[in-house]
Amino acid sequence: QLQLVESGGGLVQPGGSLRLSCTASGFTLDSYAIGWFRQAPGKEREGVSCFSDSDGSTHYADSVRGRFTVSKDSAKNTVYLQMNSLKPEDTAVYYCAAPRFISSRTTGQAVCENPAGMDYWGKGTLVTVSS
């Protein structure tokens, strides 16, 4: 019964920063992967930044690399997405997601590229970047 809850979204001006949080409960897998995805109006859901414990890799989409950073507080079972230098095109509903199982070969990139493989999704938090 893994549950994910996002928070931290809001309105921010271009160039500003936000930190999103994703807190998990019922997380029983020793090996895990967590992904941040976003969906803008009229667009497909896309992987933003995803981590796999199998190889310890964190993947960032080209559009956010260098601006977004993922971190984790294991004690709180919380994953953060630090978003800096925000652009209007970053406006979207942001979701965190996790699969029930991962293989020893699962990479962060694979997680981001296969949102259909995620079994648990948060409800999302809206990020609006506008002047």
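Here we summarise the structure given alongside this text.

A separate point is the pattern of salt bridges. Under the counting rule described, the total for this entry stands at four salt bridges. Residues Arg38 and Asp90 are paired through a salt bridge, measuring 2.9 Å at the closest nitrogen-oxygen approach. Note that Arg38 is positioned in strand β4 (residues 33-39) and Asp90 in the loop between β8 (78-83) and β9 (92-98), a separation of 52 residues in sequence. Taken as a pair, Arg38 and Asp90 share a single burial class, namely buried.

Let's shift gears to the state of the cysteines. Scanning all chains against the criterion turns up two disulfides. Covalently, Cys22 is tied to Cys96 through a disulfide, its sulfur atoms 2.0 Å apart. Judged by the sign of its S-S torsion, about 75°, the cystine formed by Cys22 and Cys96 is right-handed. With Cys22 in strand β3 (residues 18-25) and Cys96 in strand β9, the pair connects residues that are 74 residues apart, well separated along the chain. A relative accessible area of 0% means that Cys96 is categorised as buried. Across the disulfide, Cys50 is cross-linked to Cys112 (sulfur-sulfur distance 2.1 Å). Judged by the torsion about the S-S bond (95°), the Cys50/Cys112 disulfide is right-handed.

Rules behind the numbers
Residues numbered from 1 in each chain as written. Predicted model: local features only at pLDDT ≥ 70, side-chain atom pairs only at ≥ 80, totals over all residues. Heavy atoms only, no water. Salt bridge = Lys/Arg side-chain N within 4 Å of Asp/Glu carboxyl O. Helix = DSSP H or I, 4+ residues; strand = E, 2+ residues; numbered from the N terminus. Buried < 20%, exposed > 50% of the residue type's maximum accessible area, 1.4 Å probe, protein only. Disulfide = S-S within 2.5 Å.

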